[in-house]
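Analysis of the macromolecular model
Listed below are the residues making up each chain.
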Amino acid sequence: MAGTPELSRLLDEIRQADDVPRHVAVIMDGNGRWARDRGLPRWKGHREGMKAVRRCVEGSLQAGISHLTLYAFSRENWDRPPAEVRALMALLVEYVEREARELVANGVRVTVFGDRDRLSAEARSSVETLERTTSPGSALCLNLAISYGGRDEILGAARGLAEDAVSGRIDPADIDASSFERHLQTAGIPDPDLLIRTSGEMRISNFLLWQIAYSELYVTPVLWPEFGERELYEAILEYRRRERRFGRVGA
Ligand code: IPE
Ligand code: IPE
Ligand code: MG
């Protein structure tokens, strides 16, 4: 697909204007259904999904997005059958092994959000190595939400502020959105401009609850393993047609 005339046309259209979303967040959903539709076990859908991650990163680099946050595994996903959880963790390790070199070459800096203490020692060390080796990257910040829950993140920030208040580092009267955001895992990162969910589900599933207050939502019926540059570019072009009002009166 890369390099087809249609993709080049979409990319030209995106690059012509200077309102590319700075931060795109994606709920990568539908791997299981993709596999089921083909009579395959669910893990094969997850493996195919890994290729879509690659296309999405590539497309983000091409389009000039500066932050891409991918929801790879939710805290609730721990409640899936153990064999599926094991397969997902093994794929994470495989992803790091396969992609690290190219991510570094493309200037992608990877950060992992979520409760990494729940990851297996192997998966944890693998993502930590990836964070370290990609840390000089400056073309794209790729955030992987793994063992992530939006409510957990908010609770963590509340806990951090409570500790600051008890120790006298902050006066509770001074707590505001900025001090709160400094305790989120996304501290320093702009809120997502565009939130994409694949597979047609119209829900948030505990993703970035604080940060998406004014994100534009884009739900596509495409299942994650079929998502590619074209789908990403179409979402960006649709985003550009939206009028963001932030509660104010439109133009
Ligand atoms: C998304 O695909 C991947 C993860 C949540 C880990 P699913 O596994 O949720 O696929 P469906 O929703 O069952 O099709
Ligand atoms: C959301 O998908 C989590 C990820 C994509 C990692 P799920 O498949 O877990 O969400 P629900 O269960 O449909 O809400
Ligand atoms: Mg799902």
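Heads up: these notes are all about the structure in this document.

Scoring rules and cut-offs
- Residues numbered from 1 in each chain as written.
- Chains lettered and ligands numbered in written order.
- Predicted model: local features only at pLDDT ≥ 70, side-chain atom pairs only at ≥ 80, totals over all residues.
- Heavy atoms only, no water.
- Buried < 20%, exposed > 50% of the residue type's maximum accessible area, 1.4 Å probe, protein only.
- Helix = DSSP H or I, 4+ residues; strand = E, 2+ residues; numbered from the N terminus.
- Pairing = 2+ DSSP bridges.
- Near = heavy atom within 4 Å.
- Polar contact = N/O pair within 3.5 Å; in protein donor to acceptor, adjacent residues only side chain to side chain.
- Areas by Shrake-Rupley, 256 points an atom, 1.4 Å probe, with all protein chains shown as cover.
- Nonpolar A, V, L, I, M, F, W, Y, C, P; charged D, E, K, R; others polar.
- Disulfide = S-S within 2.5 Å.
- Salt bridge = Lys/Arg side-chain N within 4 Å of Asp/Glu carboxyl O.
- Phe/Tyr/Trp six-rings, centres within 6.5 Å; stacked < 30°, edge-to-face > 60°.
- Axes fitted to C-alpha atoms, helices over the stretch in contact; angles between N-to-C directions.
- Parallel < 35°, antiparallel > 145°, perpendicular 65-115°, else oblique.
- Left-handed = near helix turned anticlockwise from the far one by under 90°.
- Contact = heavy atoms within 4.5 Å.

1. Quick word on the pairing of strand 1 (residues 23-27)
Counting buried residues in strand 1 gives 5 out of 5 residues, a clear majority hidden from the surface. Judged by which residues are buried, strand 1 turns out to be covered on both faces: H23, A25 and I27 on one side and V24 and V26 on the other are all buried. Pairing analysis gives 5 bridges linking strand 1 to strand 2 (residues 67-74), with the strands arranged parallel. Along strand 2, the bridge assignment pairs V24 with L68.

2. Some points on the site of ligand 2
Taken together, I27, M28, D29, Y71, A72, F73, S74, N77, R80, R197, R203 and S205 form the complete shell of residues around ligand 2. Here an oxygen atom of ligand 2 sits 3.2 Å away from a polar atom, N or O, in the side chain of R80. Side-chain polar atom of R203 to an oxygen atom of ligand 2: 2.8 Å apart, as the coordinates give it. Considering ligand 2 on its own, with 390 Å² of exposed area, one finds that the protein chains cover 78% of that surface. Residues of the shell around ligand 2, tallied by class, amount to 5 nonpolar, 3 polar and 4 charged.

3. Quick word on the state of the cysteines
Under the counting rule described, the total for this entry stands at 0 disulfides. Summary of cysteine pairing: C56 is not part of a disulfide, and the nearest cysteine sulfur, belonging to C141, is at 15 Å. Residue classification places C56 among the buried positions, given a relative accessible area of 0%.

4. Let's talk about the pattern of salt bridges
Between side chains of opposite charge, pairing is possible as soon as their charged atoms come close. Tallying each qualifying case throughout the model produces 28 salt bridges. The residue E231 makes a salt bridge to R230 at a minimum N-O spacing of 3.8 Å. Relative accessible area serves as the criterion here: at 13%, E231 is assigned to the buried category. Across the pair E234 and R230 runs a salt bridge whose closest N-O atoms are separated by 3.5 Å. Of this pair, E234 and R230 both sit in helix 8 (residues 229-241), 4 residues apart, roughly one helical turn. When its relative accessible area of 27% is taken as the criterion, R230 is described as partly exposed. In the salt-bridge network here, residues are joined through shared partners; they are D193, E216, E238, R241, R242 and R244.

5. With respect to the packing of aromatic side chains
Counted according to the given criterion, the structure contains 7 aromatic pairs. For the ring pair Y71 and Y148, a centre distance of 5.9 Å and an interplane angle of 85 degrees mean the geometry is edge-to-face. Placement of the pair is Y71 in strand 2 and Y148 in strand 4 (residues 140-148), with a sequence separation of 77 residues. Note on accessibility: Y71 and Y148 belong to one class, buried. One aromatic cluster is present, formed by Y71, Y148 and F207 through successive ring pairs.

6. Notes on the packing of helix 3 (residues 42-63) against helix 8
As a packed pair, helix 3 and helix 8 sit with axes 8 Å apart at the nearest point and diverge in direction by 45 degrees. The angle between helix 3 and helix 8 places the two elements in the oblique class. The element helix 3 and its partner helix 8 pack so that their crossing is right-handed. Contacts between helix 3 and helix 8 involve R55, C56, E58, G59, S60, Q62 and A63 on the former and, on the latter, E229, L232, Y233 and I236. Of the residues in the contact of helix 3 with helix 8, the class split is 5 nonpolar, 3 polar and 3 charged.

7. Some words on unusual backbone geometry
Even without a glycine there, the phi angle at S199 is positive, about 75 degrees. Inspection of the secondary structure assignment puts S199 in the loop between strand 5 (194-197) and strand 6 (216-219). One non-glycine residue, N206, lies in positive phi territory at about 65 degrees. Turning to its location among the elements, N206 is positioned in the loop between strand 5 and strand 6.

Limitation: the analysis is restricted to geometry and does not speak to function.
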